[in-house]
There are 2 protein chains.
Amino acid sequence: MATQTKPILHGYFRSSCSWRVRIAFALKGIEYEQAPVNLIKDGGQQLTDQFKALNPMQQVPAVTIDGITLSQSLAIIQYIEETRPGPRLLPADPKQRAHVRMICDIIASGIQPLQNLYVLQKIGGEKMQWAQHFINRGFEALEPILKQTAGTYSVGNEISMADICLVPQVYNAERFKLDMSPFPTIRRLNQTLIENEAFKASHPSCQPDTPDDMRQ
Amino acid sequence: MATQTKPILHGYFRSSCSWRVRIAFALKGIEYEQAPVNLIKDGGQQLTDQFKALNPMQQVPAVTIDGITLSQSLAIIQYIEETRPGPRLLPADPKQRAHVRMICDIIASGIQPLQNLYVLQKIGGEKMQWAQHFINRGFEALEPILKQTAGTYSVGNEISMADICLVPQVYNAERFKLDMSPFPTIRRLNQTLIENEAFKASHPSCQPDTPDDMRQ
């Protein structure tokens, strides 16, 4: 496989969906290249014709891998899961897999799309309250679910796709200054996970496109 | 398996996400019971404590199956796919599976959450334009993708989860009176699929909770 080219991640350091994919690559130990797409500069580089050809939704992330370009972070991560060795990102048990996917989809369909850059730009002046409202609503649902499903991690004692979705969403919650005190399970899981090497190496604060004043 | 209880779908006739699950059950030939949750009556039956215990997100669908209750339609459908025989809802080829999941997620994360009942209630007066905008934006991305991936159906020549997501989203587009003329591939796929028995039997116009004046 020496001739195989590395996957290319077209992402943005602070995009929570890009971070999901970076975590998956890191957990699997897959080397990849980053092709940063600055969502702010020049009115948004995701809006160029060049990027639209990669992802007609004009959002990050997109990943070029094995001769195809995929968008949608969970589709990308499941493709990686199904084609690459390394620690599994979905449990073996079908019910546990269903719980992982349910948690992922609460975040990926029920929270993130309502507080992403594009939607908040349309909301305008009240965007802070709007974002807080939808993250809070999602976390109010996630907290009792995670209380049931969690062990050391979101579902049982293995890191899974649920954790990959949870940590970047907590990062967004903190950006929008959400009061996290009603969510002890989410906070506990996040605190455990952010100490993990794969989550650390993929953190928005240390990517190739992270601005100097946001580096840690 | 005579003693096995049927799955129970807690859904709403007109909910596009409930319809996704009904299509999956129909394609697999799985008998199930319906426990309707009226999203309008009594201020919304999904907001009761009783339903909140089934799905803390207070959305339909939720499915009680094999002793657990799952929410999030794509998690439910993939659980059905992984535990039940019958025609597969995801292709065998990993790249085709990735394309199916990408199409599903464009709809389930990129379109539907932005035009569902809860969000439109928050948007208020401009909800028609808001819904049209987000469905149109998603379809503008889906059209060129489907042009590449489609055969008879959304990805190749087998019905898949992508079709299960597409048809209910077109139904919503029609409800919001979207101009469908710029989307010939989506229209062609929808026209083929709505003639399929599983899509017909699960259609919002003929469910146990469909009001008499909306029956066809």
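Residues numbered from 1 in each chain as written. Chains lettered and ligands numbered in written order. Predicted model: local features only at pLDDT ≥ 70, side-chain atom pairs only at ≥ 80, totals over all residues. Heavy atoms only, no water.

The name given to chain A in an unreviewed UniProt entry is Maleylacetoacetate isomerase, and the organism recorded there is Triplophysa tibetana. Checking UniProt for chain A, the heading Pathway (unreviewed entry) contains the comment "Amino-acid degradation; L-phenylalanine degradation; acetoacetate and fumarate from L-phenylalanine: step 5/6." As stated in UniProt under Sequence similarities (unreviewed entry), the record for chain A gives "Belongs to the GST superfamily. Zeta family." (UniProt positions renumbered as here; feature names shortened; annotations may be inferred.)

Novice: Would you mind going over the environment of B:Leu142 with me for this structure?
Specialist: All names here are of chain B. Within the fold, Leu142 resides in helix 6 (residues 127–149). What makes Leu142 buried here is its relative accessible area of 0%. Between the alpha carbons of Leu142 and Thr185 there is a distance of 9.1 Å; along the sequence they are 43 residues apart. With residues up to four places along the chain from it excluded, the contact list for Leu142 reads Ile103, Ile106, Ile107, Ile111, Leu166 and Ile186. (Helix = DSSP H or I, 4+ residues; strand = E, 2+ residues; numbered from the N terminus. Buried < 20%, exposed > 50% of the residue type's maximum accessible area, 1.4 Å probe, protein only. Contact = heavy atoms within 4.5 Å.)

Novice: Explain empty space enclosed by the protein here, please?
Specialist: Once rolled over the atoms, a probe with the size of a water molecule shows which space is left empty. Tallied over the full model, the rule gives one cavity of 30 Å³ or more. Looking at the largest cavity, its volume works out to about 90 Å³. Forming the walls of the largest cavity are A:Leu74, A:Gln78, A:Arg101, A:Cys104, A:Asp105, A:Met161, B:Leu74, B:Gln78, B:Arg101, B:Cys104, B:Asp105 and B:Met161. Of all the secondary-structure elements, those providing two or more residues to the lining of the largest cavity are helix 3 (73–83) and helix 4 (94–110) of chain A together with helix 3 (73–83) and helix 4 (94–110) of chain B. Per-class residue counts for the lining of the largest cavity are six nonpolar, two polar and four charged. (1 Å grid on protein atoms, 1.4 Å probe; cavity = no way out; pocket = protein on both sides within 12 Å on 5 of 7 lines; lining within 4 Å. Points joined across faces, edges and corners; volume = space filled by probe spheres on them. Nonpolar A, V, L, I, M, F, W, Y, C, P; charged D, E, K, R; others polar.)

Novice: Explain the interface of chain A and chain B here, please?
Specialist: Frequently, the measure chosen for interface size is the accessible area that the parts lose on association. Every contact between the two is made by 40 residues of chain A and, on the other side, 40 residues of chain B. Of the roughly 3,800 Å² buried at the junction of chain A and chain B (both faces included), carbon and sulfur atoms supply 66%. The largest share of the area that chain A buries against chain B comes from A:Met57, A:Lys95 and A:Arg137, three residues that together contribute 15% of it. Our count for the chain A to chain B interface comes out at four salt bridges. At the junction of chain A with chain B, the criterion picks out 13 residue pairs in polar contact (both at pLDDT 80 or more). Mapped by element, the contributors of at least two residues to the side of chain A that touches chain B are strand 4 (68–71), helix 3, helix 4, helix 5 (117–123) and helix 6 (127–149) of chain A. A per-element tally of the side of chain A that touches chain B places helix 4 of chain A first, with twelve residues. Looking at the side of chain A that touches chain B residue by residue, the class counts come to 22 nonpolar, ten polar and eight charged. (Buried area = accessible area lost by both parts, 1.4 Å probe. Salt bridge = Lys/Arg side-chain N within 4 Å of Asp/Glu carboxyl O. Polar contact = N/O pair within 3.5 Å; in protein donor to acceptor, adjacent residues only side chain to side chain.)

Novice: Even after reading the chapter, I still don't get the relation of the copies chain A and chain B, so can you show me in this structure?
Specialist: In screw terms, the move from chain A to chain B is a rotation of 180° and a rise of 0.0 Å along the axis, fitting with an RMSD of 0.0 Å. In the structure described here, the two chain copies are related by an operation that fits a two-fold rotation axis. Identified as the residue of chain A closest to the rotation axis by C-alpha distance is A:Ser109, at 2.1 Å. Of the residues that chain A buries at the interface, 100% are likewise interface residues in chain B, meaning the two copies contact each other through the same surface. (Least-squares fit on C-alpha atoms with pLDDT ≥ 70 in both.)

Novice: Which parts of the structure should I look at to understand the UniProt feature "domain: GST C-terminal" (unreviewed entry) in chain A?
Specialist: Mapped onto this numbering, the UniProt entry gives "domain: GST C-terminal" (unreviewed entry) at residues 93–212 of chain A. In residues 93–212 of chain A, the share of helix is 64% and the share of strand is 0%. The end C-alpha atoms are 44 Å apart.

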